[in-house]
Structure formats: C-alpha cells, structure tokens
Amino acid sequence: MQTTFMRWGTNVLALLCILMLFLIYTQKQPLDLSFLNSAEMQSFKTLFLSIILEAFPFVLLGVLVSALLQMFVSEQTIRRLVPKNPVLGILFACVVGIIFPLCECGMIPVIRRLMKKGMPVYVAVVFILVGPIINPVVYASTYMAFRSRPEIAYSRMGLAFIVALALGLIVYKFFKSDPLRGSLPVAAAVHRHEHHHHEHTHTHDQHHHHSNEKDTSSDHHHHVHTHSHSHTGVAGRFFGVLGHASDEFFDMGKYLIFGAMITAAIQTVVARESLVSIGQGDVQSHLFMMALAFILSLCSTSDAFVASSFTSTFSAGSLLTFLVFGPMLDIKSMLMLLSAFKTRFVLKLSVLIIVVVFVCSILFERIFLT
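What counts as what
Residues numbered from 1 in each chain as written. Predicted model: local features only at pLDDT ≥ 70, side-chain atom pairs only at ≥ 80, totals over all residues. Heavy atoms only, no water. Helix = DSSP H or I, 4+ residues; strand = E, 2+ residues; numbered from the N terminus. Buried < 20%, exposed > 50% of the residue type's maximum accessible area, 1.4 Å probe, protein only. Contact = heavy atoms within 4.5 Å. Salt bridge = Lys/Arg side-chain N within 4 Å of Asp/Glu carboxyl O. Axes fitted to C-alpha atoms, helices over the stretch in contact; angles between N-to-C directions. Parallel < 35°, antiparallel > 145°, perpendicular 65-115°, else oblique. Left-handed = near helix turned anticlockwise from the far one by under 90°. Nonpolar A, V, L, I, M, F, W, Y, C, P; charged D, E, K, R; others polar. Phe/Tyr/Trp six-rings, centres within 6.5 Å; stacked < 30°, edge-to-face > 60°. Lys NZ or Arg CZ within 6 Å of the ring centre and 35° of its normal. Polar contact = N/O pair within 3.5 Å; in protein donor to acceptor, adjacent residues only side chain to side chain.

A. Summary view of the overall build of the protein. Along the backbone of the protein there are 17 helices and 0 strands. Taken across its 370 residues, the protein has 42% of its residues classed as buried. The contacts in the protein between residues at least 6 apart in sequence include a share of 85% that link residues at least 24 apart.

Laid out in structure tokens, this is it:
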C-alpha cells in the first residue's frame, strides 16, 4: 500500500512538472518573476533554508544510528530483554528507545517480525509509538531546536512516556486478538517451521546421496550457497549500513523538505494575528498542530526544528502536541501500519492515539507548563 501511494505521488508530481513546462513553452509573453525578490519571498526562503540546514545533521545522525542497530543488533537480543510481566514490559518498551534508537521507518518491520516470534501486542505497540521519540538523538535535536526553551525537550520526553504508558495499558486490557495481517497462531507457525526444517534436511540428505550422479547440479547449488553468505563479513555489513542509511536519509529528506516548505509558506502567507489567535486557543491550537503533524509526516529527528518556528505564535502545550503526536501517527506511519496490521486494529489504535495525546497534552500543559 505504501509503495502504491509513493508511486501515485510520483506520477502526480511528474504530471505537474510536465504541465508547468507546457505552460512555460506556450507562454507568449516573458514571465514576470519580480515576486522572487519580494519581502515575503525572502522571508519564505530564509525560514525554509534555516529549517533544512538545522535539521539535516540530526536526520543524518539518526539514520546512521538506526542503520548500525539494524545491522549489528539482532531481533533476538531485543526479544530476550523484554520482561514477561505486562507492566514491566510496557515500562521497558517506553524507554527501550534509549538503548535502541531506531527510526520510525525501520521500526514497524522489525516489530512485526518480533511479534511473529512471540512479542506481546501491547509491548510492540508501545515500542512502535514511543521508540522514535524517547531516544538520545531526538532529545539532542529537540534541545538544539529549543535552545531558548530547554524545558520543551524534557517535557517532550515526559509527555511521550505518559501517552505511551496509557496506550500500552489500554491495549493490554482491551486488545486480545492477533492484529497482524496473514499471521498464524503460534502453534501452527512452530509446526510449519518444524515441517520446513524436516523437508530441508531430507532434501539435503538426498542431494548428498546423489552427489556423484549429479556433479553439475551439486556444483551449482554449492555456488549459490556460498554467494548468499558472501556479504556477512565486516565489509558486507559496512556496505549494508551505508545502504540502509542512505535509503532512510533520502526517504526522510523528502518529507523534511516538504514539511519545511509548508511551514515556511504558512508563516509567510498567513497573517501573524491569525496564527496567534489559533495558537493561543485552548483547544484549536492542539487540533491544528495534530493535523499539521499528520500531514507533514516528518521524521522525529527533524520535526523539532519545524515546531520551533511556531514558538512565538503557538502555546508550549500545542508545540508538545505536535512533537508527540507526529511521530506516533502521520500519513507515512499509518500506511506502514496498514501494511503490517489489520485495518480495524489500525483504525482503533489511531482513534486511541488522537484521544490520548489530545487529553494528556492539555492536562500536561495545565499542570506543568503554567
């Protein structure tokens, strides 16, 4: 589903570019480009570039750390560390990002594989939601973005922890069925694995028994086996880290550019008085920031620099709503969730995230930020 969405977006962008080139080619008079030197355009370019330049180093650091963990930390290691007790398991999932700061793009495939190996759904959900927020890279980027207001950085960590804890307890209490798409019961999965292992052993023995009669086939199979393991050394892992990091960097980079462009346009086009009236409202400021976070789909290592551009117009509580809600639920993450989990489960979880983040952020603002 995510691939279809990206292909559709690419086709629309290509169509718009072709249309623009056609209009330019058929234009009878020279284009009036004087607006590029206007004060509004200068403000737009300054804000756009400042967000990009400040955020890119943290995006790069985030994807490098995520790539290193993907290549050198096994899923079995994470699964062994999860406590069996439900409450301890949820608490562990709330802070596991400090140890394994995976990017949200690589989080869902890893968690899906761990769930197939027995990780409880409530632990997996909390890991997916809070892992991209409570980790050292995100804390550092938030602190740098809000250097004049450092309380935003640790308030973001605190609010994310509260929201994740509440969501984990709700999922543990009310979600009992398996939410994975096309998943089998554990017993059936184990039986299928054992059956596959038996067939593989039997085939291997037969191949060994007839090796003298089928020399050419034996050599071919041996070559394929050697080739499949030729990239497991240090050099192979190094190139694997670079490949994974570059894929995530360009994937996150386009969302950052899009988000910075929309943010700069809002700050430039919308009158400051209108932004202040929205940003200082008790309810509409939080709803506006939740909608903006959902649309922009920014990476958690760069969204703080977008949020900091609204510091003078929006309340601290609404900025925290943006910083917590965005990494938990946006267009990109919803598409990834739908590719791994059943639609009904994703819709219920999305409603829960909206309600819990909204309520907790308002309470957090009134208790700690007044």
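B. Region of the structure containing the pattern of salt bridges. Evaluated as defined, the whole model comprises 4 salt bridges. In this structure, R156 engages D303 in a salt bridge whose closest nitrogen and oxygen atoms are separated by 2.8 Å. Of this pair, R156 sits in helix 8 (residues 151-174) while D303 is found in helix 14 (residues 303-308), placing the two residues 147 residues apart along the sequence. The residue D330 makes a salt bridge to K332 at a minimum N-O spacing of 3.7 Å. Classification of K332 as buried rests on a relative accessible area of 2%.

C. Region of the structure containing the packing of helix 8 against helix 17 (residues 343-368). Viewed as axis vectors pointing N to C, helix 8 and helix 17 meet at an angle of 135 degrees, and their least axial separation amounts to 10 Å. Between helix 8 and helix 17, the angle falls in the class oblique. With respect to the hand of their crossing, helix 8 and helix 17 are arranged in right-handed fashion. In this structure, helix 8 contributes S155, G158, L159, I162, V163, A166, L167, I170 and V171 to the contact, and helix 17 contributes L349, L352, I353, V356, V357, C360, S361 and F364. Here the contact of helix 8 with helix 17 is built from residues that sort into 14 nonpolar, 3 polar and no charged.

D. Broad picture of the side chain of S141. Secondary-structure assignment places S141 in helix 7 (residues 136-145). The residues contacting S141, other than those within four sequence positions of it, are F58, S300, T301, A304 and F305.

E. Focus on unusual backbone geometry. A positive phi is found at S297, a non-glycine position, where the angle reads about 55 degrees. Its location among the elements puts S297 in the loop between helix 13 (284-296) and helix 14.

F. Representation of the packing of helix 6 (residues 121-130) against helix 8 in the model. Two elements in contact, helix 6 and helix 8, have axes whose closest approach is 9 Å; the angle formed by their N-to-C orientations is 155 degrees. Judged by the inter-axis angle, helix 6 sits roughly antiparallel to helix 8. Seen from above, helix 6 lies across helix 8 with right-handed handedness. Here V121, Y122, V125, V126, L129 and V130 of helix 6 lie close against helix 8, whose contacting residues are A160, A164, L167, G168, V171 and Y172. For the contact of helix 6 with helix 8, a count of residues per class yields 11 nonpolar, 1 polar and no charged.

G. Representation of the environment of G259 in the model. Position of G259 among the secondary structure elements: in helix 11 (residues 234-269). Look at G259 and you get buried, because its relative accessible area is 0%. Taking the C-alpha atoms as reference, G259 lies 9.7 Å from S302; in sequence the two are 43 residues apart. Setting aside anything within four residues of it in sequence, one finds G259 in contact with L296 and L298.

H. Molecular detail of the packing of aromatic side chains. Tallied over the entire structure, the rule returns 9 aromatic pairs. Taking 5.4 Å as the distance between ring centres and 25 degrees as the angle between the ring planes, the aromatic pair formed by F288 and F314 counts as stacked. Residue F288 is located in helix 13, and its partner F314 is located in the loop between helix 14 and helix 15 (316-328); the two are separated by 26 residues in the primary sequence. We classify F314 as buried; its relative accessible area is 2%. Judged by centre distance (5.4 Å) and plane angle (40 degrees), the rings of F341 and F345 are tilted. For the pair F341 and F345, a shared accessibility class is recorded, and that class is buried. An aromatic cluster is built from F175, F341 and F345, whose rings are joined through pairwise contacts. Directly above the ring of Y172 sits K176, whose terminal nitrogen or CZ lies 5.0 Å from the centroid.

I. The side chain of S315, seen in detail. Examined against the element boundaries, S315 turns out to sit in the loop between helix 14 and helix 15. Given a relative accessible area of 12%, S315 falls into the buried group. Once you skip the residues sitting within four places of it in the chain, S315 turns out to touch G279, Q280, S285 and E365.

J. Spotlight on helix 4 (residues 86-95). Here helix 4 has its buried residues at G89, I90, F92, A93 and C94. Buried-residue contacts for helix 4 involve helix 3 (75-81), helix 6 and helix 8. Where helix 4 begins, the side chain of N85 points an oxygen toward the backbone nitrogen of V87, at a separation of 3.0 Å.

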